Amino acid sequence: MAPSARILLIVSGGIAAYKSLELIRRGRDRGLSFRVILTPGGAEFVTPLSFASISGEKVYQELFSLTDESEMGHIRLSREADLVVVAPASADLLAKMAHGLADDLASTALLATDKPVLVAPAMNVMMWANPATQANIATLRARGIHVVGPGSGDLACGEEGSGRLSEPNDILDAIETLLGRERVLSGLKALVTSGPTHEPIDPVRYIANRSSGKQGHAIAAALAKLGADTLLVSGPTGEADPAGVAVRHVETAAQMLAACEAALPVDVAVCAAAVADWRPAQAGNQKLKKNGMTAQSLELTANPDILATLAQSKKARPRLVIGFAAETEQVIKHAEEKLKKKGCDWILANDVSAGTGTFGGDANTIHLISANGVEDWPTSSKQDVALRLARRIADHLRGAHA
Ligand code: CTP
């Protein structure tokens, strides 16, 4: 998976501070990680322990903490983030920012940062409308500080109007826009198969292959990152479940097909699994014994072709069906034949011959084959291949071909 972006989240005082817990929880699902600075005002509403538990990281509170300054000075704290987010941003903290005050950890980190800053104000309607606050916000905007919200509605103080902290999802969308993360696939459903399948011979033996699942898992992660509602149907692999992706773990080709069919309809299906072409016709209920046996022949029967089944589905064919072709010779020719035979829209062909290191390795060289011809992609990491594919899928589904 692509390294997650680091957010330095500054939580200042206000009843809305509790919403920042939800912000972190949902943000982690989107592949973001959070370090929290909690102001004394913020700590009146939510305990540091709550933020530490939900972020999985230490919470920073004091400017002059000997341990914190030796382990993680306030300068490093703001430098190591990709983005600084203040949510909720109180009237007081906005005023400090506008005037360059640095009398506590939050304001010092904000003054010291060289990263983009996003503020999500939350306060009483009159405090927000006050010309002092409005002048401060105008100053901050003029200096390039990004502002999300506030929304309007019922406020915790019992009054109504502008001053509500933006909803966590809106703040996260703003964060992702600032990070250059696109959500171009939001509202679309994606299905990805990954890994090998295990076809049982008896309770302890099975037929399998060397697929690592790295490329398929990276594709599921990339689709989710761009906002697709993604289901990964994974054979047995050593890969961790990607963040923000629903995962169905299966063993056999038959189970993989059933899980895929149950997921329909989807907008796009990417079949990256190395499905075993054959399975033992009759898996033994008991362990086969070698006693008294000479050479044993295994009767095999063909497995269903998941890619072809999805591509030729009459009821619920995904708008875009993508397969892989792992070839060791005549890569393009064989992949073009596969495209026709299976009836899919695109084939990502890769050379897996010995020496390329593709199988189980971290890099991949892809040729995208479609009705429009062949596109050669530069050799890159499986994560970059995945992101490039996810963007191509978005262009296709959202673009002229949709
Ligand atoms: N595939 C599938 N179900 C199968 C077999 C393959 O979904 N039972 C998919 C793979 O996920 C991949 C593509 O089909 O997207 C690979 O095609 P395949 O014909 O299996 O390639 P090879 O196994 O390499 O075939 P061959 O040995 O004929 O080259």
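Residues numbered from 1 in each chain as written. Predicted model: local features only at pLDDT ≥ 70, side-chain atom pairs only at ≥ 80, totals over all residues. Heavy atoms only, no water.

## Things to note about the domain arrangement of the protein chain
Note the cut-off: Residue ranges assigned to the domains are those given by an automatic or database domain assignment.
Partitioning the protein chain into domains gives domain 1 (5-178) and domain 2 (189-397). The centre of domain 1, based on its C-alpha atoms, is set 43 Å off from the matching centre of domain 2.

## Considering the packing of helix H1 (residues 19-29) against helix H10 (residues 168-178)
Worth spelling out the cut-off: Only C-alpha atoms enter the line fits that serve as axes; for helices the fit covers just the stretch in contact. Angles between N-to-C directions range over 0 to 180 degrees. Each helix is a run of H or I in the DSSP string that is no shorter than four residues. Each strand is a run of E no shorter than two, and both are numbered from the N terminus. Oblique is the label for any angle not under 35 degrees, not over 145, and not in the 65 to 115 range, which are roughly parallel, roughly antiparallel and roughly perpendicular in turn. For any pair of crossing helices, the crossing counts as left-handed if the nearer helix is rotated counterclockwise from the farther one by less than a right angle, and right-handed if it is rotated clockwise. We call two residues in contact when some of their heavy atoms are within 4.5 Å. Each residue is assigned to one of three groups, with Ala, Val, Leu, Ile, Met, Phe, Trp, Tyr, Cys and Pro labelled nonpolar, Asp, Glu, Lys and Arg labelled charged, and all others, Gly among them, labelled polar.
For the pair H1 and H10, the least separation of the axes is 9 Å and the interaxial angle reads 55°. Taken together, H1 and H10 sit at an angle that is classed as oblique. Seen from above, H1 lies across H10 with right-handed handedness. Of the residues in H10, those in contact with Lys19, Glu22, Leu23, Arg26 and Gly27 of H1 are Pro168, Asn169, Ile171 and Leu172. Of the residues assigned to the contact of H1 with H10, the class counts are four nonpolar, two polar and three charged.

## What to know about the sheet that holds strand E21 (residues 373-376)
Quick note on the threshold: Whether two strands pair comes down to DSSP finding at least two bridges between them.
Across the sheet, which stays open at both edges, the eight strands sit in the order E13-E12-E9-E14-E17-E18-E20-E21 with mixed pairing between neighbours. A strand with exactly one partner marks an edge of an open sheet, and here the two such strands are strand E13 (246-249) and E21. Mean inter-strand twist for the sheet, computed between neighbouring axes without regard to direction, equals 20°. Where helix H14 (residues 331-342) meets the sheet, it contacts strand E17 (320-327), strand E18 (346-351), strand E20 (366-370) and E21, and its direction lies at approximately 150° from that of E18.

## Remarks on the sheet that holds strand E4 (residues 83-89)
Across the sheet, six strands lie side by side as E3-E2-E1-E4-E5-E6; this open sheet has parallel pairing. Two strands in the sheet have a free side with no partner beyond their single neighbour: strand E3 (59-60) and strand E6 (146-147). Bridge count between strand E2 (residues 32-38) and E3: two bridges; the pairing is parallel. Bridge pairing links Ile37 to Tyr60 in E3. Along the sheet face, helix H3 (residues 48-55) touches strand E1 (5-11), E2 and E3 and points at about 165° away from the line of E2.

## Regarding H14
Operational definition: A helix is expected to reach a length of 1.5 Å times the quantity of its residues less one. When accessible area is computed with a 1.4 Å probe and restricted to protein chains, residues below 20% of their type maximum are described as buried, those above 50% as exposed, and intermediate ones as partly exposed. Directions are taken from the helix axis to each C-beta atom, and the arc is the one they span.
The first and last C-alpha atoms of H14 sit 16 Å apart over 12 residues, in line with the 16 Å expected at 1.5 Å per residue. Listing the buried residues of H14 in full gives Val331, Ala335, Leu339 and Lys342. Angular distribution of buried residues about the axis of H14 spans 90°; they occupy a single face of the element. Exposed and oriented more than 90 degrees from the buried face of H14 are Lys340 and Lys341. Next to the buried residues of H14 lie helix H13 (306-311), E17, E18 and E20.

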